[in-house]
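Structural description and commentary
Here are the chains, one letter per residue:
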Amino acid sequence: MSERIYNFSAGPAVLPETVLNQAREDLWSLAGTGIGVMEHSHRGKAFLAVYDQAVALCRELASIPDNYKVLFLQGGASTQFFSIPMNFLTPDKTADYLVTGSWSKKAVAEAKRFGNAHTASSSADKNFNYIPQEVNYSDNPTYVHFTSNNTIFGTEYQTEPENPAGSFLVCDASSDIFSRPLDISKYGILYAGAQKNLGPSGVTLVIIRDDLIESGSADLPTMLQYRTHAENDSMFNTPPTFGIYIMAQVFAWLKDQGGLPAIQKINEIKAKKLYDYLDSSKLFQGTAEPDSRSLMNVTFVTGNEDLDKKFIAEATAAGLDGLKGHRSVGGMRASIYNAFPEAGIDKLIDFMSNFESTNG
Ligand SMILES: Cc1ncc(COP(=O)(O)O)c(C=O)c1O
């Protein structure tokens, strides 16, 4: 198939078409060098220009203060689940976790290997369909970890939680990074696997405050210390060059869209269309509580598993791919990240209304 279809995959996910077209050219020959982007040495001039552009655009987009480093690491967001407690927790220290889904549960499990992990809030009682407002912090947490957007359950923090004085805030922003403006100065560490809003899998963006880089454990294997990557511009070992290249392109695309405030407006328009339809539908229901709804992952069900299956099969045949929900929620999930076009949402809503009139 040479035509592209609408891809609602939760990740790896849709990328901007202009980025893919540019990548096609640069895979063959980057910036007139006669060498493709994947074939360039990470120490060479051509790739270093790409790296500099990725860092500069990232800093500009998110207004990252000077006392933070931008790192491009490997091992996915899942490696951050253990790297953070490994660097900052000891058996006599406690980290507080806001548990809003499967990914935060995995992060807690890793923290327990290194110190105390206190669950300060949880929405497990309702299968994670909301963001809890009540938080019970421990006495003196080293850090507070939260997942800004819960990819599987379709919920999202509307604003950052307030962490107790003396602690630093850590955010797994894998599935909503750069979907809206954010105030980096509120965070100690913010990380995201690239494969939803930033680029291909295989690279993780980590934004980390300088004092934390310095205070992290120095007894760990070299590759597992943040200072190693900060001191070597993410090139202590061979970095994921292609992933960094795509991120630079995606950052440039985001800047062309008008930056984070503009992409937020676009994302709000896109998500509102779908939620408005769900709220008016007699067949489909959204699964997330309205005040916790995600702009990135819209989860919904018909209430009848066979009908869900039929819907997914017919939608796939109609060129609406990747709508099957995660098994822990069932039903459907439309992942509508930054690069997902509004026309795809219109097509989905049309398709849902037709399905509702024949099956409702
Ligand atoms: C919110 C969130 N955190 C972490 C992960 C795990 O990321 P990775 O596969 O990069 O380890 C995912 C993957 O979907 C996710 O959605």
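Coordinates for the structure precede this section.
First, a word on scope: everything that follows refers to the structure included in this document. (Residues numbered from 1 in each chain as written. Predicted model: local features only at pLDDT ≥ 70, side-chain atom pairs only at ≥ 80, totals over all residues.)

Take the overall build of the chain next. In terms of regular secondary structure, the chain is built from 10 helices and 14 strands. Over its C-alpha trace the chain gives a radius of gyration of 21 Å, about what one expects of a compact globule, namely 21 Å for 360 residues. For the chain, the spread of C-alpha atoms along the principal axes amounts to about 65 × 60 × 30 Å. The proportion of buried residues among the 360 residues of the chain is 48%. Relative to all contacts within the chain whose residues are 6 or more apart in sequence, the contacts with residues 24 or more apart total 66%. (Helix = DSSP H or I, 4+ residues; strand = E, 2+ residues; numbered from the N terminus. Rg over C-alpha atoms; globule rule 2.2 N^0.38 Å. Buried ≥ 20, exposed ≤ 12 C-beta atoms within 10 Å, placed from the backbone. Contact = placed C-beta atoms within 7 Å.)

Here we take up the sheet that holds strand β12 (residues 297-301). Strand order across the open sheet formed by three strands is β11-β12-β14, with antiparallel pairing between neighbours. Each end of this open sheet is capped by a strand with a single partner; those strands are β11 (285-286) and β14 (332-335). Inspection of the sheet shows β11 paired to β12 by two bridges, in the antiparallel sense. When the bridges of β12 are listed, G286 appears paired with F300. (Pairing = 2+ DSSP bridges.)

Describing two packed helices takes the angle between their axes plus the distance from one axis to the other. The geometry of helix α1 (residues 17-28) relative to helix α7 (residues 241-257) is characterised by a closest axis approach of 9 Å and an angle of 140° between their N-to-C directions. In terms of axis orientation, α1 runs oblique to α7. For the pair α1 and α7, the crossing hand works out as right-handed. Touching T18, V19, Q22 and A23 of α1 are I246, Q249, V250 and W253, all from α7. Its residues assigned to classes, the contact of α1 with α7 comprises five nonpolar, three polar and no charged. (Axes fitted to C-alpha atoms, helices over the stretch in contact; angles between N-to-C directions. Parallel < 35°, antiparallel > 145°, perpendicular 65-115°, else oblique. Left-handed = near helix turned anticlockwise from the far one by under 90°. Nonpolar A, V, L, I, M, F, W, Y, C, P; charged D, E, K, R; others polar.)

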